[in-house]
2 protein chains.
Amino acid sequence: MMTHDETRPDSAADQPPSSGRPTLKTIARLAGLGVTTVSRALHDAPDIGEETKARVRRLADSLGYQPNRAGVRLRTGRSHVIALVLATESEELGINSQLIYGISEALSASTYQLVVMMHDPLADPLGPIRNIVEAGAADGILFARIEPDDARVRFLTERGVPFATHGRTDMGIVHPYFDFDNEAYAESAVQRLASLGRRRLALVGPPPHLAYARHMASGFCRGVTAMKLESLSVGPIDTDSPHEHIQAEIYRLMQRRDRPDGFISGSAVAALSVTAGAEAAGLVLGRDFDVVVKESSDLFRKFRPAIETAREDFRAAGRWLAKAIVGRIEGTADASIHFLDVPRIAVSEQMPEQIPERMEGRRVGDGLR
Amino acid sequence: MMTHDETRPDSAADQPPSSGRPTLKTIARLAGLGVTTVSRALHDAPDIGEETKARVRRLADSLGYQPNRAGVRLRTGRSHVIALVLATESEELGINSQLIYGISEALSASTYQLVVMMHDPLADPLGPIRNIVEAGAADGILFARIEPDDARVRFLTERGVPFATHGRTDMGIVHPYFDFDNEAYAESAVQRLASLGRRRLALVGPPPHLAYARHMASGFCRGVTAMKLESLSVGPIDTDSPHEHIQAEIYRLMQRRDRPDGFISGSAVAALSVTAGAEAAGLVLGRDFDVVVKESSDLFRKFRPAIETAREDFRAAGRWLAKAIVGRIEGTADASIHFLDVPRIAVSEQMPEQIPERMEGRRVGDGLR
DNA sequence: TAAGTCTCCTGTAACGTTACAGGAGTGAAT
DNA sequence: ATTCACTCCTGTAACGTTACAGGAGACTTA
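Residues numbered from 1 in each chain as written. Chains lettered and ligands numbered in written order. Predicted model: local features only at pLDDT ≥ 70, side-chain atom pairs only at ≥ 80, totals over all residues. Heavy atoms only, no water.

**As for unusual backbone geometry**
- Its identity is not glycine, yet Lys228 of chain A carries a phi of approximately 55°, on the positive side.
- Along the chain, the position of Lys228 of chain A falls in the loop between helix H9 (211-226) and strand E7 (230-232).
- Among the residues examined, Lys228 of chain A registers a relative accessible area of 69% and is labelled exposed.
- Positive phi, close to 55°, is recorded for His80 of chain B, a residue that is not glycine.
- Looking at where His80 of chain B falls in the secondary structure, it is placed in the loop between helix H4 (69-76) and strand E1 (81-87). (Helix = DSSP H or I, 4+ residues; strand = E, 2+ residues; numbered from the N terminus. Buried < 20%, exposed > 50% of the residue type's maximum accessible area, 1.4 Å probe, protein only.)

This is the structure:
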């Protein structure tokens, strides 16, 4: 075996520890203290003298000390990583980037890092989530596109791994979530269309396997029933369908004598396809039909003001989710925390006065709720 | 001091090492080998017997062994993290999510993780990049929105940290990048507009501090000169300007007697604002003016087919960048690798035949290049 | 037989951190 | 003087991994 004759260095001034980066050892040597003391001082432990703490902190600051993540992780078993698992399915106009912005914004002040992974839910319902858990790759997991009975929610709950979701299940499992109140949205949208004099409504909702498809449908039904309107069902299309399918289906629907005169859409892109289909049938938005849409940007409100919009703020959702998951990891937040975002159908904005031509359609009052 | 009387466990069957997760030690004990042997076997080292390797691999597989990232990172100093640094500035329609999809897609087969961070370039030109380097938080860094003289590129080159960018500088520093040939795009766009009979062109380019603003402008100028057309300069607006500003400026421009009849836009949203402004002035797209736009989704090509589009594929860019940065980290790729994406102005797609009304405007030939 | 040369495997140390079990020094109470 | 409590600091070990320096055994060569 080897002899290695320097378990304790005899010469006082030693070489730096290979990398230029300061460690606890660097600080300890400079301060004439033990590494343990330095560690505890930086953690503000009660059994370290105030003066020592201050001195250590000053030294650490001046050296630009930052704890080595690998060291901490190895010792504590905590990765300080939040995993965001995104579906590979087509996404609408950057809602995922908004979500990511919100999360990283909220995490940037913390010691947590955001790791993004892809997941094809068709190939494997659990996807990378099982792997994250088994590899201990993250302290907490975030995901969206929740199903009414969601395998991921069940799995993570069983394993006791902190997670938070955008959207909620019907499973009765208590866990942190942020959700947009799609039921209220649909109901408000119905009321809005009714107040515009529309009587025969159709809903283009999210893919039926997602939990909020049910919420939106039930709000739609409730609204239609309450207002004594008629509901027309569209064919097998949803907000994830290709543009051409939606457009063709709406075109077909608009040929009927009992064609709808109001549409509610779960997404901006789908609303465009709906409008395109209806216009292809020779109908005019705002005259022959109206559309209410849930969108995440202000884009369509700007360039197509005749379309009513409810805004879902994914950036705010991201911020909320980041705080929630950190709270769960650190044990400061209860599993029952959740947030149900109140939808608000926006009034079309006043255009700059030098372009009055864009003020097509009627002016509308204020939001419904 | 403590005595700790079990440096070598006497009882054969021991407790699992605290967590349920298998480590090299677990495999070693089960295989009756040393940890070093197991480690080297899994790394396919030449000095381990083939039969042993096979046995160890089988065992590792059956246990679901995955190397502990913290252990590897601590020992090797390699984090197996790729950092993507995104600007907080407004982004156009999910290009960043496309980029993220591409990157994580390419990384999902590797041992690398994608960490996403935000950066406000106005507050600090280097932003989290200095921090990543000093904390050793990532093995490689990706970023976009490159400036002609980019502080980040200079810094990382000086520090010798692997990085790759979407976009390129004018600095002459050799480094991996993926870029869209915006000069060629603008020139093609000019030719396209010329072939449509347009003579007086205006460019709505990216913010002038970005490197590709110059590329696009120079392509525009070259095209205009070559085709002997007229170029009209728009006011202080760019693709990042608020919708209202662009719209108002184009509206103003369109009041002039020598108004432009062709627009080239660096982004889809800006193209919409341009169109809105021109239409507000009572002009008709495809009759009074044409627009060529660079977009990352197929959205506008679908619902507004009269707008000519060149598609920039950010997902492919993400895939390329992921492979490039991993190649740089592992030393298998040269610093000089780069990819200049060839723009191709698309023909408006055939609409489904049951909706012929949408086939407004003229049919056009094939792409320019 | 002895030395040399392979092949295949091994233990130790170290990366940077924190939990643990003390321990030196001071001052107060017995 | 001894005990006790308190404050403030310390060394050791361990998390899981890999680099390093061997070393046992078989086989070849002189």
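There is more to say, and it comes next.
**Some thoughts on the pattern of salt bridges**
- According to the stated counting rule, one finds 50 salt bridges over all chains in the structure shown.
- Here Glu134 of chain A and Arg159 of chain A are joined by a salt bridge, their closest N and O atoms 3.9 Å apart. Highlighted residues: Glu134 of chain A in helix H6 (residues 128-135) and Arg159 of chain A in helix H7 (residues 151-159), separated in sequence by 25 residues.
- Here Glu134 of chain A falls in the partly exposed class, since its relative accessible area comes to 36%.
- For Arg159 of chain A, a relative accessible area of 44% puts it in the partly exposed group.
- Measuring nitrogen to oxygen at the nearest pair gives 3.0 Å for the salt bridge that ties Asp44 of chain B to Lys53 of chain B. (Salt bridge = Lys/Arg side-chain N within 4 Å of Asp/Glu carboxyl O.)

**What about the sheet that holds strand E11 (residues 338-341) of chain B?**
- With mixed pairing, 12 strands are arranged side by side in an open sheet as E11(A)-E5(A)-E4(A)-E3(A)-E1(A)-E2(A)-E2(B)-E1(B)-E3(B)-E4(B)-E5(B)-E11(B). A strand with exactly one partner marks an edge of an open sheet, and here the two such strands are strand E11 (338-341) of chain A together with E11 of chain B. Shown here is a sheet whose adjacent strand axes are inclined to one another by a mean of 20°, direction ignored.
- Of the pairings in the sheet, the one linking strand E5 (residues 177-180) of chain A to E11 of chain A comprises 4 bridges and is parallel in character. Opposite Asp179 of chain A, over in E11 of chain A, you have Leu340 of chain A as the bridge partner.
- Lying over the sheet, helix H13 (residues 314-330) of chain B contacts strand E2 (113-119) of chain A together with E1, strand E3 (140-143), strand E4 (163-166), strand E5 (177-180) and E11 of chain B, oriented at roughly 165° with respect to E4 of chain B. (Pairing = 2+ DSSP bridges. Axes fitted to C-alpha atoms, helices over the stretch in contact; angles between N-to-C directions. Contact = heavy atoms within 4.5 Å.)

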